[in-house]
Every structure is written in C-alpha cells, then in structure tokens.
Amino acid sequence: MSRHGECVGVQSLKRKVPDLGEIRDPSAFAKLMRDKGYQVTVNEVSTPNGKVVEVKVPE
C-alpha cells in the first residue's frame, strides 16, 4: 500500500479495504486480513523513536 520503508496510518487503508471499519492498530488489521483468508506477515521492529509494525499482505 505504501512505498518500501514508508510508514502510514492504518486508516489510510480505507481506500483499498472498504470494510476496514473501526480497526486502528496493525494487529487488528492483520487479524482482519487473516480472517478474510489472506496470507499476512507481521514484523515488529524497535527503533530509537519507538516500535514500528510492518504488516504485509501480498495479495
């Protein structure tokens, strides 16, 4: 959904996932995609500014 290495908020996915609903965090988004049958990869990385969660859904 974004360029490699770019961070975006979960709500920016509304355009591609219209039934996103009230999901506001990466773990809930990953669960939604898994529940829909998609392959999901979650990678948590600690940075000097906090934690970053990367969620990949290849489809």
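Computed from a prediction, not measured in an experiment: that's the story for all the values here.

## A short note on the overall build of the protein chain
Stage number 1. When helices and strands are counted, the protein chain shows 1 helix and 2 strands.
Stage number 2. For the protein chain, the N- to C-terminal ordering of α and β elements is α-β-β.
Stage number 3. In the protein chain, the share of contacts with a sequence separation of at least 24, taken over all contacts with a separation of at least 6, comes to 11%.
Stage number 4. Carbon together with sulfur atoms contributes 50% to the accessible area of the protein chain, which is approximately 4,700 Å² in total.

## A word on the nonpolar core
Stage number 1. Membership of the largest hydrophobic core is limited to 10 residues, which are Val10, Leu13, Val17, Leu20, Ile23, Phe29, Ala30, Leu32, Met33 and Val40.
Stage number 2. For Phe29, the contacting residues outside a window of four places in its chain are Val10, Leu13, Val17, Leu20, Ile23, Val55 and Val57.

## As for the confidence of the model for the protein chain
Stage number 1. Confidence along the protein chain averages 86 in pLDDT terms, with 90% of residues attaining 70 or more.
Stage number 2. Strand E2 (residues 50-56) is the least confidently modelled element of the protein chain, averaging 88 in pLDDT, while helix H1 (residues 26-35) averages 94, the highest of any element.

## Observations concerning the pairing of E2
Stage number 1. Relative to E2, strand E1 (residues 41-47) runs antiparallel, the two being bridged by 7 bridges. Looking across to E2, one finds that Thr47 is bridged to Gly50.
Stage number 2. Hairpin connection of E1 to E2: 2 residues between the antiparallel strands.

## Brief notes about H1
Stage number 1. Within the sequence span of H1, burial applies to Phe29, Ala30, Leu32 and Met33. Each buried residue of H1 lies within a common arc of 160° when the element is viewed along its axis, so the set occupies one face. Opposite the packed face of H1, turned more than 90 degrees from it, sit the exposed residues Ser27 and Asp35.
Stage number 2. Contacts made by the buried residues of H1 are with E1 and E2.
Stage number 3. The positive-phi residue at the C-terminal boundary of H1 is Gly37, with phi of around 95°.

## Focus on the environment of Val42
Stage number 1. Note that Val42 resides in strand E1.
Stage number 2. The exposure class of Val42 is partly exposed, given its relative accessible area of 36%.
Stage number 3. On a C-alpha basis, the gap between Val42 and Ala30 in space is 7.4 Å, while along the polypeptide they are 12 residues apart.
Stage number 4. In this view, Val42 contacts Ala30, Arg34, Val53, Glu54 and Val55; residues no more than four positions away in its chain are not counted.

Rules and cut-offs
- Residues numbered from 1 in each chain as written.
- Predicted model: local features only at pLDDT ≥ 70, side-chain atom pairs only at ≥ 80, totals over all residues.
- Heavy atoms only, no water.
- Helix = DSSP H or I, 4+ residues; strand = E, 2+ residues; numbered from the N terminus.
- Contact = heavy atoms within 4.5 Å.
- Areas by Shrake-Rupley, 256 points an atom, 1.4 Å probe, with all protein chains shown as cover.
- Core = buried A, V, L, I, M, F, W, Y, C linked by side-chain atoms within 4.5 Å.
- Buried < 20%, exposed > 50% of the residue type's maximum accessible area, 1.4 Å probe, protein only.
- pLDDT = per-residue confidence, 0-100.
- Pairing = 2+ DSSP bridges.
- Arc of directions from axis to C-beta.

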